[in-house]
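# Observations on the three-dimensional arrangement
Residues per chain are reported as follows:
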Amino acid sequence: TTPARYAVVGRPIAHSLSPRIHAAFARETGIALTYTAIEAAPEEFEAVLAAFVAEGGRGLNVTLPHKERAFALCAEATPRARAAGAANTLTWTGGGWHGDNTDGAGLVRDLTERRRHDLRGRRCLLLGAGGAARGVAPLLLDAGVSELIVVNRTAERADALCLALGEPARARARYWDDLDALGDFGMIVNATSLGREQSRVGLPFGLVAPGHCLAVDLSYGEAAVPFLAWARAAGCADAVDGLGMLVEQAAESFQRWHGVRPDTGPVYAALRARADALATA
Ligand code: NDP
C-alpha cells in the first residue's frame, strides 16, 4: 500500500520545518506517511487543495498567508478554529474539509509542559492581531490569564479580535501609542511579524513586571532575536522563542490525523541544537 499523503501549504514554504518534524514523528511512531511542502499563491490555494485531494491527500497544514482562507472553505471546524477564524490543520473527510487550529494549544503546551510556567493569574500583553494572535488568544484565556490586553498597529484588528473572544471583562484592545500607560505585565507575547524591524519600535521597559515576567516571541531564528534581546534587557525572567510552539502545534495536528501523540522531546532537542548553532555561528 502507498503511504498516506500529507503536506504543508504556504508561501514562502521552502524553509518550513514541518516536513522534517512530521517525518520524525512518523519514524518515532512507526506510521507510514509522506509529508511534503507545497508552495501556493493565494489565487492558487483552492486549486492546490483540489489537486491534493485528487491525488489521495488526507491532511494539510496551512501557513501564511492562507489560514483564513482555509478556515473559510471548511465544512466543519473545531471551536478553537472558529474562535480564531483561521485554520492551520485541514483534514479531508471524504466530502469536505474539517478545520482545526492547533497554534494556541501548541504555544500553551510548550510554555506549561516543556517549560513548566504557570500562566494562571498573569496579566498578559498580546502584541499583534494577525492570524497567529487570533489563534493563541482564546487558548491564553483558557489557560487562565487574569487579563489579556491586545495591542496592534492597525487598531481595528485588535478591536475585532477582542470582540470575537467575547470576554469583555478580561480581553480588551488598547492603542500602540498607549503602551506607556498600560502598567506592567506578567507575560508579553509578540505575535507581530516585526522581526528585524523590532529594534526600531522601542517597547517601554515599564511593561515588564519585575522578577516574574515571561516573554514569548512566536517567531524563531533571526526574526526572534530583537524582541528576545529587548525582553532580557528589560528584566524578563524568561524569554522564549516560537520553536517549541512550532513542534507542539505539529504534534497536535499529528494526533488529529493519526490518533497518536508523538513524543516531541527528541525533535525539539534536535531543532533547538541546530537553531542555537546557527545563532552562534
Ligand atoms: P500576519 O501577517 O497574519 O500578522 C502580522 C502581524 O504583525 C499583524 O498584527 C501586523 O499588524 C503586525 N505587523 C507587521 N508588520 C508590522 C510593523 N512594521 N509594525 C507593527 N506591526 C506590524 O502574520 P501571522 O499572525 O501569521 O504571524 C505572526 C508571527 O508569528 C510571524 O513571525 C510568524 O512566523 C509567527 N508564527 C509562529 C508560529 C509557530 O508555530 N511558532 C505559528 C504561526 C505564526 P497589522 O495588523 O497592523 O498589519
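Residues numbered from 1 in each chain as written. Predicted model: local features only at pLDDT ≥ 70, side-chain atom pairs only at ≥ 80, totals over all residues.

As annotated in an unreviewed UniProt entry, the protein carries the name Shikimate dehydrogenase (NADP(+)) and is attributed to Coralloluteibacterium thermophilum. Under the Sequence similarities (unreviewed entry) heading, UniProt states for the protein: "Belongs to the shikimate dehydrogenase family." Turning to the protein, the UniProt annotation filed under Catalytic activity (unreviewed entry) states: "shikimate + NADP(+) = 3-dehydroshikimate + NADPH + H(+)". (UniProt positions renumbered as here; feature names shortened; annotations may be inferred.)

### Some points on the sheet that holds strand β7 (residues 123-127)
Taken together, the six strands give an open sheet; going across it, the order is β9-β8-β7-β10-β11-β12, and neighbouring strands pair in parallel fashion. Both edges of this open sheet fall to β9 (171-174) and β12 (238-240), since each of them pairs with a single strand only. Each strand of the sheet is rotated relative to its neighbour by a mean of 15 degrees, with strand direction disregarded. Lying over the sheet, helix α6 (residues 131-142) contacts β7, β8 (147-151), β9 and β10 (187-190), oriented at roughly 165 degrees with respect to β8. (Pairing = 2+ DSSP bridges. Helix = DSSP H or I, 4+ residues; strand = E, 2+ residues; numbered from the N terminus. Axes fitted to C-alpha atoms, helices over the stretch in contact; angles between N-to-C directions. Contact = placed C-beta atoms within 7 Å.)

### So, the nonpolar core
Across soluble globular proteins, nonpolar side chains show a tendency to be buried alongside one another. One finds Leu126, Val150 and Ala215 to be the most contacted residues of the largest nonpolar core, which totals 83 residues. With eight residues, the single largest contributor to this core is helix α9 (residues 243-258). Two domains each provide a minimum of three residues to this core, namely domain 1 (4-101 + 246-280) and domain 2 (104-241). Ignoring anything within four residues of it in the chain, the contact list for Val150 reads Leu126, Ala129, Ala137, Ala158, Leu161, Cys162, Ala171 and Ala173. (Core = buried A, V, L, I, M, F, W, Y, C linked by C-beta atoms within 7 Å. Buried ≥ 20, exposed ≤ 12 C-beta atoms within 10 Å, placed from the backbone. Domains from an automatic or database assignment.)

### Side note on the UniProt feature "active site" (unreviewed entry) in the protein
Sequence positions flagged by UniProt for "active site" (unreviewed entry) are, in local numbering, Lys67. Here Lys67 shows up in helix α3 (residues 67-72). What makes Lys67 buried here is the crowd of 27 C-beta atoms within 10 Å. If near-sequence neighbours (up to four positions away) are discounted, Lys67 is found in contact with Val62, Ala86, Ala87, Asn88 and Gly131.

### Describing the site of the ligand
Gly130, Ala132, Arg153, Thr154 and Gly242 are the nearest of the 25 residues found near the ligand. Those elements that place two or more of their residues in the shell around the ligand are α5 (103-114), α6 and α9. Tallied by class, residues from the shell around the ligand come to ten nonpolar, eleven polar and four charged. Each of domain 1 (4-101 + 246-280) and domain 2 (104-241) gives at least three residues to the shell around the ligand. (Near = placed C-beta within 6 Å. Nonpolar A, V, L, I, M, F, W, Y, C, P; charged D, E, K, R; others polar.)

### Observations concerning the packing of α9 against helix α10 (residues 265-280)
Contact pair α9 / α10: the axes reach a minimum separation of 10 Å and the direction vectors enclose 150 degrees. Judged by the angle between their axes, α9 and α10 are roughly antiparallel. As α9 packs across α10, the resulting crossing turns out to be right-handed. Across the interface between the two elements, Leu243, Gly244 and Val247 from α9 touch Val267, Tyr268, Leu271, Arg272 and Ala275 from α10. Here the contact of α9 with α10 is built from residues that sort into six nonpolar, one polar and one charged. (Parallel < 35°, antiparallel > 145°, perpendicular 65-115°, else oblique. Left-handed = near helix turned anticlockwise from the far one by under 90°.)

### A few points about the environment of Val189
Looking at the element boundaries, Val189 is found in strand β10. Put simply, Val189 and Val151 are 38 residues apart on the chain and 10 Å apart in space, counted from C-alpha to C-alpha. What Val189 contacts, discounting residues up to four positions off in sequence, is Cys124, Leu126, Leu127, Val136 and Val216.

### Focus on α6
Within α6, ten of the twelve residues are buried, which leaves it mostly tucked inside the rest of the structure. Listed as buried for α6 are Gly131, Ala132, Ala133, Arg134, Gly135, Val136, Ala137, Pro138, Leu139 and Leu140. At the exit of α6 stands Gly144, carrying a positive phi of roughly 95 degrees.

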